[in-house]
Amino acid sequence: MDAPDFSVADQRVVVTGASQGIGRSIAETLAAAGASVALCSRSMDRVGPVAEGINDADVPGEAFATECDVRDRDDVEAFFEAAADEFDGLDAAVNNAGGEFVAPFEDISEGGWEAVTDLNLGGTYRCCQVAGEYLRTDADGDGGTIVNMASVNGQHAAPNESHYGAAKAAIIRLTETLAAEWSDGGVRVNCIAPGLIQTPGVAETLGIDESDMPPREQVHRRIGHPEEIADLTAFLLSPAASFVTGETYTAKGVPKPGNSMNHDLGLQ
Ligand SMILES: NC(=O)c1ccc[n+]([C@@H]2O[C@H](COP(=O)([O-])OP(=O)(O)OC[C@H]3O[C@@H](n4cnc5c(N)ncnc54)[C@H](OP(=O)(O)O)[C@@H]3O)[C@@H](O)[C@H]2O)c1
């Protein structure tokens, strides 16, 4: 009789967009569970201290950070190469970097549309493609794991987020397609679709106050904690998820009734 293996200890994991919010929580959670994590964001001043915090903490994992803009192919290639050099290979990539602004569809300019789709979908495309160079092995091999960050907005309509929703929906389909194409390389590719999660990005974009966070024990009618997405990520990276690929896992609790933000975010 075997206990389930939820361990990510000893995995070497790239996490993009790790200077704050969900990405930071994923990096810290994986390191606390014993993983080696390579972090990036557009600013070393912002992501460096997160890695230092992990390395200074009493956790079994370790962290490495470098600057990388996922909109830039050369940056992405250099980041993955540096991470693989640092840890002598890679086992997983969490393609988390993303963001948006809110606007009615008719007000979204060519540049605005391009900015949001290139960051979210383009960044995921680049990171998946480069990750594949490190993770794909052969049909019998343990080819590693990719987790892409979509959104409930990729599953349901959300007014004022047409560009973001379109990009996140495409990430879901990209994930399914890659899971099929790369299964013979031993790679599992999955996706997470978070509901509304309390992060600095949400606070800035949507003006939601960070001070009022109900505890995780309260299942319903609340915003999510970044750690709740991090824990799901850890599961998807673990051997316990060995038969899970091409899937999108939604984590959104039960939204607060009467909150107009829920509707905007497709949570009702
Ligand atoms: N929070 C939510 O409610 C929610 C819901 C559904 C989906 N999501 C998705 O979850 C992911 C994380 O969201 P979050 O709320 O944690 O966001 P956040 O607080 O805005 O943090 C975004 C992270 O991405 C980094 N980043 C932004 N642009 C980048 C780029 N071009 N290259 C590299 N890194 C970049 C930022 O770092 P720098 O600024 O230092 O570059 C930061 O670390 C995103 O993909 C988002 O779409 C979030």
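Everything below is about the structure shown above.
Fair warning: this is a prediction, and the values are worked out from it, not measured in the lab.

J.: Any details on the overall build of the chain? Residues and values, ideally.
T.: A tally of helices and strands in the chain yields eight helices and seven strands. For a compact globule of 268 residues, the expected C-alpha radius of gyration is about 18 Å, and the chain comes in at 18 Å, within 12% of that figure. Principal-axis analysis of the C-alpha atoms places the extent of the chain at approximately 50 × 40 × 40 Å. In the chain, which comprises 268 residues, the proportion classed as buried is 50%. Sequence separation of at least 24 residues holds for 71% of the intrachain contacts in the chain that already meet a minimum separation of 6. If you sum the accessible surface of the chain, you get close to 12300 Å²; carbon and sulfur atoms cover 48% of it.

J.: Break down the site of the ligand for me, with residues and values.
T.: With respect to spatial proximity, 31 residues lie near the ligand, and among them Ser 19, Arg 46, Asn 96, Tyr 164 and Thr 199 are the closest. Here an oxygen atom of the ligand sits 2.8 Å away from a polar atom, N or O, in the side chain of Gln 20. Arg 42 has a polar side-chain atom sitting 2.7 Å from an oxygen atom of the ligand. Listing elements by their share of the shell around the ligand, those giving two or more residues are helix H1 (21-32), helix H4 (110-135), helix H5 (162-181) and helix H6 (200-206). Counting residues per element, the shell around the ligand draws most heavily on H6, at three residues. Taken together, the residues of the shell around the ligand sort by class into 14 nonpolar, 12 polar and five charged.

J.: Now, about the packing of aromatic side chains: what can you tell me, with residues and values included?
T.: Overall, the coordinates contain six aromatic pairs when judged by the stated rule. Ring centres of Phe 6 and Phe 235 lie 6.2 Å apart, and the angle between their planes is 55 degrees; on these two criteria the pair is classed as tilted. Separated by 229 residues along the polypeptide, Phe 6 in the segment before strand E1 (12-16) and Phe 235 in helix H7 (residues 226-237) bring together distant segments of the chain. On the basis of relative accessible area, Phe 235 is assigned to the partly exposed category, the value being 24%. One aromatic cluster is present, built from ring pairs that chain together Phe 6, Phe 235 and Tyr 249.

J.: I'd like a description of the packing of helix H3 (residues 73-87) against H4, backed by residues and values.
T.: The N-to-C vectors of H3 and H4 enclose an angle of 35 degrees; their axes lie 10 Å apart at closest approach. Seen from above, H3 lies across H4 with right-handed handedness. Taken together, the residues of H4 that come into contact with H3 (itself represented by Arg 73, Val 76, Glu 77, Phe 80, Glu 81 and Ala 84) are Tyr 125, Arg 126, Cys 127, Gln 129, Val 130, Ala 131 and Tyr 134. A breakdown of the residues in the contact of H3 with H4 according to their chemical character gives eight nonpolar, one polar and four charged.

J.: Lay out the pattern of salt bridges in plain terms, naming residues and giving numbers.
T.: Where charged atoms of side chains with opposite charge meet at close range, the side chains can pair. Using the criterion set out here, one finds 10 salt bridges in the structure. Of the charged contacts, one joins Arg 126 and Asp 118 as a salt bridge, the two residues approaching to 2.6 Å between their closest N and O atoms. Across this residue pair, the class does not change: Arg 126 and Asp 118 are buried. Between Arg 222 and Glu 228 there is a salt bridge whose closest N-O contact spans 2.6 Å. An identical accessibility class is assigned to Arg 222 and Glu 228; each is buried.

J.: So, H3: which residues are in play, and what are the values?
T.: With 15 residues, H3 extends 21 Å between its outermost C-alpha atoms, agreeing within 8% with the 21 Å of an ideal straight helix rising 1.5 Å per residue. Among the residues of H3, those classed as buried are Val 76, Phe 79, Phe 80, Ala 83, Ala 84 and Phe 87. Looking straight down H3, one finds its buried side chains confined to an arc of 125 degrees; they lie on one side. In H3, those exposed residues whose orientation departs by more than 90 degrees from the buried face are Asp 74 and Asp 85.

J.: So, the environment of Asp 58: which residues are in play, and what are the values?
T.: Tracing the backbone through its elements, the reader meets Asp 58 in the loop between helix H2 (44-56) and strand E3 (62-67). Counting along the chain gives 26 residues from Asp 58 to Ala 32, while the straight-line C-alpha distance between them is 8.3 Å.

J.: Give a detailed account of the nonpolar core, specifying residues and quantitative values.
T.: By size, the foremost hydrophobic cluster in this structure holds 32 residues, and its most contacted members are Val 13, Ile 26, Leu 30, Val 37, Leu 39 and Leu 237. Elements that contribute at least two residues to this core include exactly E1, H1, strand E2 (36-41), H2, E3, strand E4 (92-95), strand E5 (145-149) and H7. By residue number, the principal contributor to this core is H7, which donates six residues. When residues no more than four places from it in sequence are discounted, the contact partners of Leu 39 are Val 15, Ala 18, Ala 27, Val 47, Val 50, Ala 51, Ile 54, Ala 63, Phe 64, Ala 65, Thr 66 and Phe 79. Counting 26 residues, the second-largest nonpolar core is a separate cluster that includes Val 14, Cys 40, Cys 128 and Val 189.

J.: So what's going on with the side chain of Thr 175? Which residues, and what values?
T.: Here Thr 175 lies in helix H5. Excluding residues within four positions of it along the chain, Thr 175 makes contact with Asn 148, Val 189, Asn 190, Cys 191, Gly 246 and Glu 247.

Reading the values: rules and limits
Residues numbered from 1 in each chain as written. Predicted model: local features only at pLDDT ≥ 70, side-chain atom pairs only at ≥ 80, totals over all residues. Heavy atoms only, no water. Helix = DSSP H or I, 4+ residues; strand = E, 2+ residues; numbered from the N terminus. Rg over C-alpha atoms; globule rule 2.2 N^0.38 Å. Buried < 20%, exposed > 50% of the residue type's maximum accessible area, 1.4 Å probe, protein only. Contact = heavy atoms within 4.5 Å. Areas by Shrake-Rupley, 256 points an atom, 1.4 Å probe, with all protein chains shown as cover. Near = heavy atom within 4 Å. Polar contact = N/O pair within 3.5 Å; in protein donor to acceptor, adjacent residues only side chain to side chain. Nonpolar A, V, L, I, M, F, W, Y, C, P; charged D, E, K, R; others polar. Phe/Tyr/Trp six-rings, centres within 6.5 Å; stacked < 30°, edge-to-face > 60°. Axes fitted to C-alpha atoms, helices over the stretch in contact; angles between N-to-C directions. Left-handed = near helix turned anticlockwise from the far one by under 90°. Salt bridge = Lys/Arg side-chain N within 4 Å of Asp/Glu carboxyl O. Expected span 1.5 Å × (residues − 1). Arc of directions from axis to C-beta. Core = buried A, V, L, I, M, F, W, Y, C linked by side-chain atoms within 4.5 Å.

Read these as geometric descriptors, not functional statements.
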